[in-house]
There are 6 protein chains.
Amino acid sequence: MRGRLRKRDEIRNIARAVLDTYGKLDPKLQHIEPTPLPDKGSIFAIVEDLLEVVYPGYYGAKHLEPSNIEYHIGDLLDSIYSRLSQEIYRSVRPECERPDDPCNHCHEVAEDQTLALLTRIPDLRRQLSEDVQAGYDGDPAAKSTDEIIFAYPAIYTISVFRIAHELNRNGVPLLPRIMTEYAHSKTGIDIHPGAKIGRAFFIDHGTGVVIGETTIIGDRVKIYQGVTIGALSFSKDAEGQIVRGEKRHPTIENDVVIYSGATILGGDTVIGEGAVVGGNVWLTRSVPPHTRVVISEPELVIGRK
Amino acid sequence: MRGRLRKRDEIRNIARAVLDTYGKLDPKLQHIEPTPLPDKGSIFAIVEDLLEVVYPGYYGAKHLEPSNIEYHIGDLLDSIYSRLSQEIYRSVRPECERPDDPCNHCHEVAEDQTLALLTRIPDLRRQLSEDVQAGYDGDPAAKSTDEIIFAYPAIYTISVFRIAHELNRNGVPLLPRIMTEYAHSKTGIDIHPGAKIGRAFFIDHGTGVVIGETTIIGDRVKIYQGVTIGALSFSKDAEGQIVRGEKRHPTIENDVVIYSGATILGGDTVIGEGAVVGGNVWLTRSVPPHTRVVISEPELVIGRK
Amino acid sequence: MRGRLRKRDEIRNIARAVLDTYGKLDPKLQHIEPTPLPDKGSIFAIVEDLLEVVYPGYYGAKHLEPSNIEYHIGDLLDSIYSRLSQEIYRSVRPECERPDDPCNHCHEVAEDQTLALLTRIPDLRRQLSEDVQAGYDGDPAAKSTDEIIFAYPAIYTISVFRIAHELNRNGVPLLPRIMTEYAHSKTGIDIHPGAKIGRAFFIDHGTGVVIGETTIIGDRVKIYQGVTIGALSFSKDAEGQIVRGEKRHPTIENDVVIYSGATILGGDTVIGEGAVVGGNVWLTRSVPPHTRVVISEPELVIGRK
Amino acid sequence: MRGRLRKRDEIRNIARAVLDTYGKLDPKLQHIEPTPLPDKGSIFAIVEDLLEVVYPGYYGAKHLEPSNIEYHIGDLLDSIYSRLSQEIYRSVRPECERPDDPCNHCHEVAEDQTLALLTRIPDLRRQLSEDVQAGYDGDPAAKSTDEIIFAYPAIYTISVFRIAHELNRNGVPLLPRIMTEYAHSKTGIDIHPGAKIGRAFFIDHGTGVVIGETTIIGDRVKIYQGVTIGALSFSKDAEGQIVRGEKRHPTIENDVVIYSGATILGGDTVIGEGAVVGGNVWLTRSVPPHTRVVISEPELVIGRK
Amino acid sequence: MRGRLRKRDEIRNIARAVLDTYGKLDPKLQHIEPTPLPDKGSIFAIVEDLLEVVYPGYYGAKHLEPSNIEYHIGDLLDSIYSRLSQEIYRSVRPECERPDDPCNHCHEVAEDQTLALLTRIPDLRRQLSEDVQAGYDGDPAAKSTDEIIFAYPAIYTISVFRIAHELNRNGVPLLPRIMTEYAHSKTGIDIHPGAKIGRAFFIDHGTGVVIGETTIIGDRVKIYQGVTIGALSFSKDAEGQIVRGEKRHPTIENDVVIYSGATILGGDTVIGEGAVVGGNVWLTRSVPPHTRVVISEPELVIGRK
Amino acid sequence: MRGRLRKRDEIRNIARAVLDTYGKLDPKLQHIEPTPLPDKGSIFAIVEDLLEVVYPGYYGAKHLEPSNIEYHIGDLLDSIYSRLSQEIYRSVRPECERPDDPCNHCHEVAEDQTLALLTRIPDLRRQLSEDVQAGYDGDPAAKSTDEIIFAYPAIYTISVFRIAHELNRNGVPLLPRIMTEYAHSKTGIDIHPGAKIGRAFFIDHGTGVVIGETTIIGDRVKIYQGVTIGALSFSKDAEGQIVRGEKRHPTIENDVVIYSGATILGGDTVIGEGAVVGGNVWLTRSVPPHTRVVISEPELVIGRK
């Protein structure tokens, strides 16, 4: 008892030691200021609510009928508007140098950005409808488009990506990456919100897929699990700092198929229209249209164990 | 202020534009009807509760003793019965053409299917006990079977797979895939509920493993992370639609070991009893029993950076 | 109605059948005893709270200011102390042979272990600050260290690993693995808490990375998605049981870079200081310092589809 | 330890003893049947949601604006419709003798009753607006009508009463009483849903007020805490059973004021228009219009303590 | 901003000033010690769960059927056992002088007391069944015994009282009063857990009823709202301290009816069998059996307003 | 089915009809504006948290020890500061005519008012310590001061009153009344936050007590259940509007005792120091110090039933 109490007393010393490190590190690993950073839990909830707007009846409320759909979706959009504009405010505020708090300019930006995203939902639905159809057409294991929407990690990830991409395109910091990492965490598919991806895109299985920031993907492209579309190397500037923002990732043209485990690297690498990249291929150069690239099958050594 | 209000007013226009797309797309991406679709959140909770029945004291309630175990498990099974039969009803209802609502026939089916699954739990426990032992025997990093049950993603995934497989075998739509994708999301191991998997199965680490719908796996098979057991190509019918339901995935016989990153493809591919498939091997043809298949080690180029 | 009731009655028979399997299997798959096992949900919450102490303002409460930070962190540490010492108690109690219940000795151990971990937080913060900087320096896609902390699965996993490693080093059973598997589940990065990892460590993308129990990694090492640092084979003892605890995994010296998909195996394998291991390389032998190892690029067969 | 376990084992005996009493008592104190009774928690939530429809911005969601009010209220009404018709179903089902389960007739009734109530909301708002004004006009302590709505137990109780009265008038069993008792529990004001109450009704303070089932109250009546409007005695039938449904409570005409602690009893008692009933008066006979009834002030004995 | 921050800084001074008062007052208004006091929220939840055991299907879970009732009630009793014995431990621990922590003796006491209460449930159900019947027989407004159980504050209060009385009879401190005050808070009926109350007890409406600690009430007694059965005066000891534990409250014999607002005071006051006490009567002396006591109706002054 | 759908369609018409009444009534019963009104649920939570600061270890967190008390209370005060200043902002904003939104002036006011309240907590604790002692000294049923704090509705109400009184004294609108009505709802004791109440105040049982806005109560006053300290009549101004703010309620001097059911009315009524007011007394005139006022006991008519 005695001893046990004395142990708990140690917490005061520990707390002091921890507090001593606040403000002393670089990077600081802390944000102890009146204007808070975005809240990940809130962003995740917003993403799920946006998915309900996109896929009503699959995500969220289960009793949607023609008589209530307008009310429900309207109420949901209004709620998303409030919460998303708050999170965007928290994302842009630290980058703004205006002294006021709260910063009216940042509120303006946040509300405009929110509307810009919401306005894109009808278009996103059209794109995602094509993605779902591509999934159904491309996987013999799929029994219905219901199954695609409910159970395909690719569709989940692409949906979140297309939402995050809109925010990224408009220059909202932090949020787009938090969103795509949320999807990455759930599906193992890592698409940077900066990537440009065309219509009717499909990924089968998907775990381990990486699609880098400056990737460009055309229409009707299909890729399998474990595919990397990545950077080959990074430029560094005169001071040895890596250069950010350059095109470092490949271009994949229309109707390309890339099988599992393939790795395609480099900002100048172009996979031509209709090409097929075989499994486990490691590519750092371009491939002409309508060609098939496979590893010359490595010799297998088969013998008694 | 003024402006800010006017911005929020935009939501009405956005809502109308979104609503305009409901019912106009194909696939529709919506289910706005009196009979709702299955609820993913509810299915996930059912899975966790089933895992508590299978592994009492590891999942769920923490104070199980001989005096209360019967009450607790009985109450839990009863609750699972109610909820699971509702979700199965929601899964089968859209496929049923009877006009009544609610559909008594579908209720009958849902309840029978639920009982059919629950009746299998004792057998599932026996199978999973062997799987846990296989994990302990196969991994020197494991300190105890407690650790296997608590912390091995393979055991989690195989447990959910074995439950989902029962439903799939009995023809329940949607639910089995939602269940295995739930496990896939948590572990990165993607096993289709249609696969047939024998006794004492073990997967180490597991991220990136894919086991396709028509795979057959024997007893005492052990595989490592990143292994794909997949389809080679799909048949298409006269109209260019892919044919669903054919055997497209390999057969893995008893006592096979498949090392990390190996890819085995094709419905006619058979890995014979006791064979060992080396890491990163890419196989589209069969391997005789008791053989070892490895890549002829690719020449490494070693030089100064 | 009638029939439906009779169906529900079946649950009694099912419950009896399930209960009949409790205590009859080996491994038992059950823990039905007065002293409960650790609670995974509670451990996950403790991990998130520890991350808030490490990264205040990023995780957890959003309104931290200089005026309240001491109170908030102090209160949080005190709460962590209570909960973590309970979970450690539950971890060590089953291994203790003392007959008392509750076991005072185990309480002592649990409290000491908890303090030992909390005392390490200032140091962990210093290490993690270097890891975050390494992430920023190593990825041109990163726009800020905020983004690294918020959205990089590597940082999440390394943070949890460094916490779990402390507990593992002190011999706490079960908990360290439950913690790293929690991170593995979220990020697809599987680092065993037994691994020894140096300063300024970074993993890009990360899905599929496996770092085994007896791995040793130096300072400023950077690895990419899909890299395995694993065991080559296991020793078995005279009775055919695998030997646990031996060094089975490679040593990676300072300043090594390992590209995506590479596999490095074996307890005697040493990747020398400053070496670069190319993508998809499969290595079971050592590499000298300051060398680059790449696959002799496999011949690609490029032809019309 | 030993002993402690044996104690817990006692619970099995206790459970059996408790179960033995199920079905053996009269009244049974149990409802163990496939069709459940109404759920009090759900009814309470419905009441709070109805109050939000009646007083938007005071109850429930805090960010109502002209742009979202229609969506929010529409969505709320739809949700109330689903839940309230379920609770009404559960209320009427046990009284229905049709053998089917679910009973379509009861569903019809429940839905019709729900619509009948919701249709009355505009009128209820008009009535309650007058009640709020009466409160403001009648209490010098009230600073605003906001305060009346937020903090006057009378308004809360009258609002719930007026809702419950509609259901009671239409013959819905159980629910109206559960609703008014919910308000009674919160405010100490006990108004039977069968009472008929006119316009601009106000109760000040209110604790201890009782208004019986067959009371009739006119317009602009004001009463104070502790007032009982009750029954004098009950008729019994030939078998000694009390007769239910007779008018047993007084009639209070327009513009009457009844001060605190007054008791007015009997079905034939009429308090005439404009009368004033003084505090603590005990009345079992009628009072003519425009009269004031006070106790001849009891002699006070004032002396040294 | 500046200013606003400085304001928040004030909280540190306030916290210090508040902390300065901890330990300096008498009574202290604080309990800052390793062994916590009982938790009111937990006790309230236990009460609700006990009511579910007593009234299955009215309180708590809504889908009780013959097939699951045993499991559900058994599981609930087991859970109540754990939680209630913890709260009793917290109640008795501060009164125990043994130095150990935890105190095994107090655990023994707590578990015995818990079992003692649970063992009484079958009997409590029999008593409460008679109370419910008394309610139905005594109130013409009641349409069914369902309504009595669901909506009569008297039944709620008497149920909680009968539970608390058992604990009080066995000498458990604090808990019984916390329980009856929980009911008092919900119903306005204040029954001290020390009172002795016979069979078939009924209270109509009930707000304002007070029944003191040493009251004795016989069988088939019926009382109305606002009735006080209280103490007349308190004995003080030589030091001027009030004497606790004496019989200070009246005895009410079988078949007595007490109408609303009556006040009966004094430990020697006996209301004889079958007596009727009229409304507003103020009694400090005994009343013979089978008599009716009413106020000589005070003269009413009726005049124009 | 058909019909059932058509029924649900009715909700659209109902929604329109309800919306039509928004903005058309007077009082409006609505607050549909960008600046929301205070949130009752939030205020209730703040009250409970303030009670934890006042009575640490009785309310709120159960594991307070000397080592953590400072952190816990500091963190709690900081959280109360944020939330309470928001609710005060919402209370004062509608009364402020400044056009900005948000209104910096109102934020200043809200923060100042919050600090003003928190600064008073040490003093409030001293006052409440005397109130608790008065309860213990005044009720022979009380076994300990723990019981007083845990289970006496008077202490709960007086605590909330003393908090609300501070806010009321400083002119905060709405909140004080919402707070005291929260306590009124739980205890049946209705104390207006405007009343002035001295030291060592006690109310026994308490249901039905009313203490009006302009009441003045001295030190060591003790009152019983059902006591009203109220207004006799209201002044009206030339336009027939009641005059607000006048002294309308009695003055109760030091050491007065008022027994149950007594009613004391009128702004000029003074109950002199040390006086005793007997049960059920109805007083509209002053009473000299050190006197006892009782009803000349009404003649009781005792006869056979």
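Caption draft 1: Region of interest: the overall build of chain A. Counting secondary structure elements, chain A contains eight helices and 15 strands. With the C-alpha coordinates aligned to their principal axes, the bounding extent of chain A is approximately 70 × 60 × 55 Å. Long-range pairs, those at least 24 residues apart, make up 46% of the contacts in chain A between residues at least 6 apart in sequence. For chain A, the computed accessible surface area is about 10,500 Å², with 48% contributed by carbon and sulfur atoms.

Caption draft 2: Just the relation of the copies chain B and chain A, in detail. When chain B is fitted to chain A, the best match, at an RMSD of 0.0 Å, comes from turning it 120 degrees and sliding it 0.0 Å along the axis. Seen this way, the second copy is the image of the first under a three-fold rotation axis. Both copies present different contact surfaces, since only 5% of the interface residues of chain B are interface residues in chain A too.

Caption draft 3: Molecular detail of the interface of chain B and chain A. If you look at the interface, chain B gives 65 residues, while chain A gives 73 residues. Between chain B and chain A, roughly 6,100 Å² of surface is buried when both sides are summed, and carbon and sulfur atoms account for 59% of that area. When the buried area of chain B at its contact with chain A is split by residue, L29, R244 and W282 of chain B rank highest and sum to 13% of it. Scanning the region where chain B abuts chain A turns up six salt bridges. Taken together, chain B and chain A are joined by 23 residue pairs in polar contact (both at pLDDT 80 or more). Those elements that provide at least two residues to the side of chain B that touches chain A are helix 1 (2-21), helix 8 (175-187), strand 13 (282-283) and strand 14 (291-295) of chain B. Here the side of chain B that touches chain A takes eleven residues from helix 1 of chain B, the largest share from any one element. Tallied by class, residues from the side of chain B that touches chain A come to 29 nonpolar, 18 polar and 18 charged.

Caption draft 4: How the structure looks around the sheet that holds strand 2 (residues 196-197) of chain D. Residues and elements named next belong to chain D. Pairing is parallel in the open sheet, where four strands are placed in the order 2-5-8-11. Each edge of the open sheet carries a strand with a single partner, namely strand 2 and strand 11 (270-271). Looking at chain direction, strand 8 (residues 251-252) and strand 11 are connected through two bridges and run parallel. Each bridged residue has a counterpart across the sheet, and for T251 the counterpart in strand 11 is V270.

Caption draft 5: Just the pattern of salt bridges, in detail. Going through the model one piece at a time under the given rule, you end up with 124 salt bridges over all chains. One salt bridge in this structure joins K7 of chain A and E111 of chain C, with 4.0 Å as the shortest N-O distance. With K7 of chain A in helix 1 (residues 2-21) and E111 of chain C in helix 4 (residues 104-119), the pair connects residues from two separate chains. Residue classification places K7 of chain A among the buried residues on the basis of a relative accessible area of 13%. Residue E111 of chain C is classed as buried on the basis of its relative accessible area of 7%. Residues D112 of chain F and K7 of chain E are paired through a salt bridge, measuring 3.3 Å at the closest nitrogen-oxygen approach. A residue pair is termed interchain when its members come from two chains, as with D112 of chain F in helix 4 (residues 104-119) and K7 of chain E in helix 1 (residues 2-21). With relative accessibility at 39%, the residue D112 of chain F sits in the partly exposed group. The network of salt bridges with shared partners includes R120, D123, R126, E166 and R169 of chain A.

Caption draft 6: Spatial organisation of the side chain of S159 of chain A. Along the chain, the position of S159 of chain A falls in helix 7 (residues 153-169). We classify S159 of chain A as buried; its relative accessible area is 1%.

Caption draft 7: Geometry of the packing of aromatic side chains. For the structure on display, the rule yields 37 aromatic pairs over all chains. Here the aromatic rings of Y55 of chain E and Y59 of chain E are separated by 5.9 Å at their centres, their planes lie at 40 degrees, and the arrangement is tilted. Using a relative accessible area of 1% as the deciding quantity, one classes Y55 of chain E as buried. On the numbers, 6.2 Å between centres and 35 degrees between planes, the contact of Y152 of chain F with F202 of chain F is tilted. Placement of the pair is Y152 of chain F in the loop between helix 6 (145-151) and helix 7 (153-169) and F202 of chain F in strand 3 (residues 202-204), with a sequence separation of 50 residues. Per residue, the accessibility class of Y152 of chain F equals that of F202 of chain F, and both read buried. The lysine or arginine in question, R12 of chain C, covers the ring of Y71 of chain E, its NZ or CZ lying 5.2 Å from the ring centre. In this arrangement the basic side chain of R244 of chain F is found over the ring face of Y136 of chain D, its NZ or CZ atom lying 3.8 Å from the centre.

Caption draft 8: Representation of the sheet that holds strand 13 (residues 282-283) of chain F within the structure. Residue and element names in this part refer to chain F. The strand order across the open sheet formed by five strands is 1-4-7-10-13, and the pairing between neighbours is parallel. In this open sheet, the two strands that pair with only one neighbour each are strand 1 (190-191) and strand 13. Direction of pairing for strand 7 (residues 228-230) relative to strand 10 (residues 263-265): parallel, over a ladder of three bridges. Paired with T228 across the strands is T263, a residue of strand 10.

Caption draft 9: Representation of the state of the cysteines within the structure. Applying the stated criterion across every chain yields a total of zero disulfides over all chains. In this structure C103 of chain B is not part of a disulfide, and its nearest cysteine sulfur, from C106 of chain B, lies 3.2 Å away. Unpaired in terms of disulfides, C96 of chain E finds its nearest cysteine sulfur in C106 of chain E, a separation of 3.6 Å.

Caption draft 10: Local environment of the packing of helix 3 (residues 69-92) of chain C against helix 4 of chain C. Residue and element names in this part refer to chain C. Remark: helix 3 packs on helix 4, axes separated minimally by 8 Å, with the N-to-C direction vectors making an angle of 130 degrees. Taken together, the axis directions place helix 3 and helix 4 in an arrangement best described as oblique. Where helix 3 crosses over helix 4, the handedness of that crossing is right-handed. The residues of helix 4 that touch helix 3, namely those facing L77, I80, Y81, L84, S85, I88, Y89 and V92, are C106, H107, V109, A110, E111, Q113, T114, L115, L117 and L118. Residues of the contact of helix 3 with helix 4, tallied by class, amount to 13 nonpolar, four polar and one charged.

Caption draft 11: How the structure looks around the confidence of the model for chain A. In this model, chain A carries an average pLDDT of 93, and 97% of its residues clear a pLDDT of 70 or more. In the predicted complex, the global pTM is 0.95; the interface-specific ipTM is 0.95.

Caption draft 12: Region of interest: the environment of K247 of chain F. Residue placement: K247 of chain F occurs in the loop between strand 7 and strand 8 (251-252). Once residues lying within four places of it in the same chain are set aside, the contact partners of K247 of chain F are T214, I216 and G267 of chain F.

About the cut-offs
- Residues numbered from 1 in each chain as written.
- Chains lettered and ligands numbered in written order.
- Predicted model: local features only at pLDDT ≥ 70, side-chain atom pairs only at ≥ 80, totals over all residues.
- Heavy atoms only, no water.
- Helix = DSSP H or I, 4+ residues; strand = E, 2+ residues; numbered from the N terminus.
- Contact = heavy atoms within 4.5 Å.
- Areas by Shrake-Rupley, 256 points an atom, 1.4 Å probe, with all protein chains shown as cover.
- Least-squares fit on C-alpha atoms with pLDDT ≥ 70 in both.
- Buried area = accessible area lost by both parts, 1.4 Å probe.
- Salt bridge = Lys/Arg side-chain N within 4 Å of Asp/Glu carboxyl O.
- Polar contact = N/O pair within 3.5 Å; in protein donor to acceptor, adjacent residues only side chain to side chain.
- Nonpolar A, V, L, I, M, F, W, Y, C, P; charged D, E, K, R; others polar.
- Pairing = 2+ DSSP bridges.
- Buried < 20%, exposed > 50% of the residue type's maximum accessible area, 1.4 Å probe, protein only.
- Phe/Tyr/Trp six-rings, centres within 6.5 Å; stacked < 30°, edge-to-face > 60°.
- Lys NZ or Arg CZ within 6 Å of the ring centre and 35° of its normal.
- Disulfide = S-S within 2.5 Å.
- Axes fitted to C-alpha atoms, helices over the stretch in contact; angles between N-to-C directions.
- Parallel < 35°, antiparallel > 145°, perpendicular 65-115°, else oblique.
- Left-handed = near helix turned anticlockwise from the far one by under 90°.
- pLDDT = per-residue confidence, 0-100.

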